[in-house]
Amino acid sequence: MSERAFHQDPEPDSPGDEADDGSDDAREVTTGAEAAIIALEEAGVDMAFGVQGGAIMPVYDALYDSDIEHITMAHEQGAAHAADAYGIVSGDPGVAMATSGPGATNLVTGIADASMDSDPMIALTGQVATDFVGNDAFQEVDTVGITQPITKQNYFAGDPDTLGEDVSEAFALADAGRQGPTLVDLPKDASKAETDVQPVSPETPDTYHPPETADEAVIEAAAEALEEADRPAILSGGGVIKGEAHDELRAFAREYEIPVITTMPGLGGFPETDDLSLGMAGMHGTGAANLAITNCDVLLGIGTRFDDRLTGGVDSFAPDADVIHVEIDPAEINKNIYADYPLLGDAERVLEQLDDELTEAPDADEWRAQCQTWTEEYPLDYETPEDEPLKPQYVVERFAEHADDDAIVTTGVGQHQMWACQFWTYTEPRTWVSSNGLGTMGYGVPSAIGAKLGAPDREVVTFDGDGSFLMTMQELSVAVREDLDITYVILNNEAIGMVRQWQDGFYEGRRMASEYPWIPEFDLLAESFGARGFRLEEHDEVDDVIKKAREYDGPAVIDAIIDPGENVYPMVPSGGDNGQFALNEQQLDTL
Amino acid sequence: MSSGELPGPAPEERMRPEGRRNEQGIRIDPEAEATHQPRYAVLSALVKHEPGVLAEVSGLFSRRQFNIESLTVGPTTDDGVARMTIVIEEPEPGVEQAKKQLRKLIPTIAVEELQPEAMRRELALVKVRAEKPDDVQSVAEMYNGQAVDASPNAVTVEITGSKQKIDAAIEAFEQFDVEEVVRTGAAALERGAETMDANGYASGE
Ligand SMILES: Cc1ncc(C[n+]2csc(CCOP(=O)(O)OP(=O)(O)O)c2C)c(N)n1
Ligand SMILES: [Mg+2]
């Protein structure tokens, strides 16, 4: 460990520029741009993340007089991920802003990410003036066309009189039902044009009716199936957290003594410290979770879309189970896994309905004992020999020990992300902030910024990969400028390790473009940004470095030089049988 | 050199269920696996009459790999509402998925799958080299077609009807030189007095 050269305590003494408080309550709308900003204010927005530029300048100009705090990001992808994370931790849509053309295309990865994970977010993009649209004008792209498949709904707001309403509706939609990203494209002339139409408070369009409570007949049948189950299991997905159903789920699982498995986005929906918890299932899930999901006879899936990283091969997924699927989006029913009992509605309310209907717990002592045996047989384990390089699992586990119970973990994508799933203990909802569905490297640094600003009282730690960090590390400048108390831990294996692991496992060790020993020294790099940098190489320094980094008031970066050969297990190869997970590379070969 | 070995019984020593699911995620009897044959489905949708909706719907169908045979869209008696008729060919769960995904689009007001006996009409314009215009005319009449244009060298015939009828008509014209064919997709309505509104066809469900 060393706290290396040229560090100057940046101790920012600037009091953080409070938005000038000249504004009064009901501002009169005079332009389309003002209508957009007032619509956001009406929706309760107090923060936005973005990058300025020509076509969106009128909208930024309207922000000048607003109480909405704007966080200037280094790159629009960072703005989108920060807004996304803000939405995850706060539950309310995060706001991302960008100019037309490259500003909008830079947002695209973040919007797609939010779409895959059903994260609430609204993007406002500038657009060339309507007269120029379609002419390949400077910085013109078809933003509405490009983002159409990755938004819940998007809008071309060409009319200044309805522009405010478009923003209100987009906000309401992002937040309602199954959450997700929306986008409003704002041509410059419409933003600049005069209007006196005051935006209304956010309302979803009349075509949008998310289901609330499930059909009673199906509830009755599902309850009966659950009561009669010999091997029941609950699969708790991201929808449990998004739907605020975690308390109901805890009570439900405990009352009926049903073992609980989580998906990756479902981490934190059910406490992993609970005796009923089997941990996460799927490609790198626990042995117990994957064996339980494979062998159960009734599976109660709540707020999950049965993604392929969870199910493995569909043919071998819970093949003996009657599936009860609690879901707010009708299109998820029977999409990947057939639902014997489809329960459409809000997760919390449907759980209440089920609870009201159930008269007794399933008789499943033997099954619970079996699950317990699996938990004991398949611990998530690793070796920590003193004479070998640092183990990433140890770093994650020690950090979890030091951190607050409700600390928020954000990640990049790769092996480090999986270790962060496996070796941190999640007990609270909205503590896992990761790119689950899209698998976006570079999510870690900006998501921590959004998470910290969305939940300022909570500890935020990011487990990042060296490769992922390099994709968005410029956002460190924002963390420094905003003086955000974030600890970044780079599990540095000098490789895009997950790819290297797959090459070793499935491509005969032909390591094409997966190792990069030319990466920078991240601790020095952090210092050059004005953050605090630490280098961590030895097991016996782990606690000390974690302590110092946590104590540091501001962004700190730990460059943890880990064993480059470490792999993530258990592993279900893609399309494989969850119950047949490999515990090592040899077993991978036999599957 | 790789590490990350974990303890525990090996794959072949573990509890393993007998059952299986098919590609659609439906549990199957391994003895008698049911495969779903593709079928034609006619979907009728009321959508908000606003720019971009057609692109949204066609984008949805292509990116989710639903096989569109035809898609037509046009105004209705309500200025704010357009009606689409979409003919797809899918195996059973695919039809359901297509309906749900279409319903999920925000501008969509209602989606119904029409009964097989629903009224279905298509239109075709067939341009035929007309050395013997009278022969063309008599074939056209067999299919209730109408010559809509005649020039010294070509006759263009309009035919309306079911897909099968138009297929048959075009085949019959093959005895002449068919120069050009253009066809619309299907427009379809349910038979009887029922009409479709935001809740679908009143008779449905
Ligand atoms: C934007 C993006 N590009 C490429 C990939 C493919 N990919 C998945 S994991 C991975 C390696 C990530 O490397 P690193 O961040 O160092 O994490 P590690 O696996 O080494 O822990 C890559 C390249 C991706 N997920 N995202
Ligand atoms: Mg790496």
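Cut-offs and rules
- Residues numbered from 1 in each chain as written.
- Chains lettered and ligands numbered in written order.
- Predicted model: local features only at pLDDT ≥ 70, side-chain atom pairs only at ≥ 80, totals over all residues.
- Heavy atoms only, no water.
- Helix = DSSP H or I, 4+ residues; strand = E, 2+ residues; numbered from the N terminus.
- Polar contact = N/O pair within 3.5 Å; in protein donor to acceptor, adjacent residues only side chain to side chain.
- Contact = heavy atoms within 4.5 Å.
- Buried area = accessible area lost by both parts, 1.4 Å probe.
- Salt bridge = Lys/Arg side-chain N within 4 Å of Asp/Glu carboxyl O.
- Nonpolar A, V, L, I, M, F, W, Y, C, P; charged D, E, K, R; others polar.
- Disulfide = S-S within 2.5 Å.
- Buried < 20%, exposed > 50% of the residue type's maximum accessible area, 1.4 Å probe, protein only.
- Domains from an automatic or database assignment.
- Patch = residues over 30% accessible without salt bridge, like charges linked within 9 Å, V, L, I, M, F, W, Y side chains within 5 Å.
- Areas by Shrake-Rupley, 256 points an atom, 1.4 Å probe, with all protein chains shown as cover.
- Donors = N, O, S within 2.8 Å, 3.2 Å for Na, K, Ca; no water.
- Pairing = 2+ DSSP bridges.
- Axes fitted to C-alpha atoms, helices over the stretch in contact; angles between N-to-C directions.
- Core = buried A, V, L, I, M, F, W, Y, C linked by side-chain atoms within 4.5 Å.
- Parallel < 35°, antiparallel > 145°, perpendicular 65-115°, else oblique.
- Left-handed = near helix turned anticlockwise from the far one by under 90°.
- pLDDT = per-residue confidence, 0-100.
- Right-handed = clockwise from strand over helix to strand, strands pointing away.

Let's shift gears to the side chain of Glu566(A). Note on placement: Glu566(A) falls in the loop between β18 (556-561) and α23 (585-590). Polar side-chain contacts of Glu566(A) include one of 2.8 Å to the side chain of Lys391(A).

A common way to report how large an interface is uses the accessible area buried once the components associate. Each partner contributes to the interface: chain A provides 59 residues, whereas chain B provides 39 residues. Of the roughly 4000 Å² buried between chain A and chain B, counting both surfaces, carbon and sulfur atoms make up 49%. Summed over the three residues of chain A that lose the most area to chain B, namely Gln148(A), Thr207(A) and Gln580(A), the buried surface amounts to 14% of that side. Applying the counting rule to chain A against chain B returns five salt bridges. For Arg16(B), the salt bridge is made with Asp577(A), and the minimal N-O distance between the two is 3.2 Å. Applying the counting criterion to the chain A and chain B interface returns 23 residue pairs in polar contact (both at pLDDT 80 or more). At the level of elements, α11 (287-295), β11 (322-327), α14 (365-377) and α23 of chain A are the ones that each hand at least two residues to the side of chain A that touches chain B. Across the side of chain A that touches chain B, the residue classes break down as 25 nonpolar, 17 polar and 17 charged.

Here the focus is the state of the cysteines. Residues and elements named next belong to chain A. Counting across every chain of the model gives zero disulfides over all chains. You can see Cys 371 has no disulfide; the closest cysteine sulfur is in Cys 296, sitting 9.0 Å from it. The exposure class of Cys 371 is buried, given its relative accessible area of 2%.

Before going further, it helps to examine the domain arrangement of chain B. Residues and elements named next belong to chain B. Structurally, chain B comprises domain 1 (39-118) and domain 2 (119-187). One C-alpha centre belongs to domain 1, the other to domain 2, and the line joining them spans 28 Å. The interface is formed by eight residues belonging to domain 1 together with six residues belonging to domain 2. Contact between domain 1 and domain 2 buries roughly 580 Å² in total, counting both sides, with carbon and sulfur atoms accounting for 57%. For the domain 1 face of the interface with domain 2, the top three residues by lost area are Glu 69, Thr 72 and Ala 118, together amounting to 50%. Run the count over domain 1 and domain 2 and you get three residue pairs in polar contact (both at pLDDT 80 or more). Looking at the side of domain 1 that touches domain 2, the elements with two or more residues in it are β4 (68-75) and β5 (81-90).

Together, Leu125(B), Val148(B) and Val182(B) make up a nonpolar patch on the protein surface, roughly 220 Å² of accessible area in all. Its place among the elements puts Leu125(B) in strand β7 (residues 119-129).

What follows covers the coordination of the magnesium ion (ligand 2). Residues and elements named next belong to chain A. For the magnesium ion (ligand 2), every protein donor is listed as Asp 466 (OD), Asn 493 (OD1) and Ala 495 (O), and the spread of their distances is 2.0 to 2.1 Å. In primary-sequence terms, the residues that donate to the magnesium ion (ligand 2) follow D-x26-N-x1-A. No difference in accessibility class separates Asn 493 from Ala 495, as the two residues are buried.

Okay, the domain arrangement of chain A next. Residue and element names in this part refer to chain A. Along its sequence, chain A is organised into domain 1 (2-192), domain 2 (216-377) and domain 3 (392-569). Its C-alpha centre places domain 2 at a distance of 30 Å from the equivalent point of domain 3. Contact with domain 2, which involves 18 residues of that partner, is made by 19 residues of domain 3. Its largest share of buried area at the contact with domain 3, domain 2 owes to Met 264, Leu 267 and His 284, together 41% of the area lost on that side. In this structure, the connection of domain 2 to domain 3 is made through six residue pairs in polar contact (both at pLDDT 80 or more). Residue assignment for the side of domain 2 that touches domain 3 shows that the elements contributing at least two residues are α9 (238-242) and α10 (246-256).

Our next topic: the sheet that holds strand β16 (residues 486-492) of chain A. Residues and elements named next belong to chain A. Spatial strand order, β14-β13-β15-β16-β18-β17: six strands in an open sheet with parallel pairing. A single partner strand is all that each edge strand has here, and the edge strands are β14 (432-433) and β17 (532-536). Relative to β16, strand β15 (residues 460-465) runs parallel, the two sharing six bridges. Its bridge partner being in β16, Phe 463 is matched across the sheet by Val 489. Across the sheet, helix α21 (residues 522-529) lies against β16, β17 and β18, angled at about 175 degrees from β17, the strand it touches most.

All names here are of chain A. Ranked by size, the top nonpolar core spans 49 residues in total, and within it Phe 49, Met 73, Ile 449, Phe 469, Ile 486 and Tyr 488 carry the most contacts. In terms of residues, this core owes the most to one element, helix α3 (residues 76-90), which gives eight residues. Each of domain 1 (2-192) and domain 3 (392-569) gives at least three residues to this core. Those residues in contact with Phe 469 that lie beyond four places of it in its chain are Val 445, Asp 464, Leu 476, Ile 490, Phe 522 and Leu 525. Listed in part, the 37 residues of the second largest apolar core include Trp 432, Ala 549, Ala 556 and Val 568.

Residues and elements named next belong to chain A. Relative orientation of the contacting elements helix α15 (residues 392-402) and helix α22 (residues 542-551) amounts to 50 degrees, with a least axis distance of 10 Å. Considering the angle they form, α15 stands oblique to α22. Seen from above, α15 lies across α22 with right-handed handedness. In contact with Tyr 394, Val 395, Arg 398, Phe 399 and His 402 of α15, α22 contributes Val 542, Asp 543, Ile 546, Lys 547 and Arg 550. Grouping the constituent residues of the contact of α15 with α22 by class yields five nonpolar, one polar and four charged.

All right, on to the confidence of the model for chain A then. Chain-level pLDDT for chain A is 94 on average; 96% of the residues reach the 70-or-more range. The model gives residues 5-23 of chain A a pLDDT under 50, and that stretch makes 19 contacts with residues more than four places away or in other chains.

The subject of this paragraph is the pairing of strand β2 (residues 69-72) of chain A. Consecutive residues of a regular strand have side chains that alternate between opposite faces of the sheet. All names here are of chain A. As judged from the four bridges shared by strand β1 (residues 47-50) and β2, these two strands associate in the parallel manner. Residue pairing across strands places Met 47 opposite Glu 69, the latter belonging to β2. Between the parallel pair β1 and β2, the chain is carried across by helix α2 (residues 57-63), and the sense of this crossover is right-handed.

Residue and element names in this part refer to chain A. Extensive coverage of strand β3 (residues 94-98) is indicated by the burial of five of its five residues. With burial as the criterion, each face of β3 is covered, one bearing Gly 94, Ala 96 and Ala 98 and the other bearing Val 95 and Met 97. Across two bridges, the pairing between β1 and β3 is parallel. Residue pairing for β3: Gly 50 is matched across the bridge by Met 97. As a crossover connection, the stretch from β3 through helix α4 (residues 102-116) into strand β4 (residues 121-127) is right-handed.

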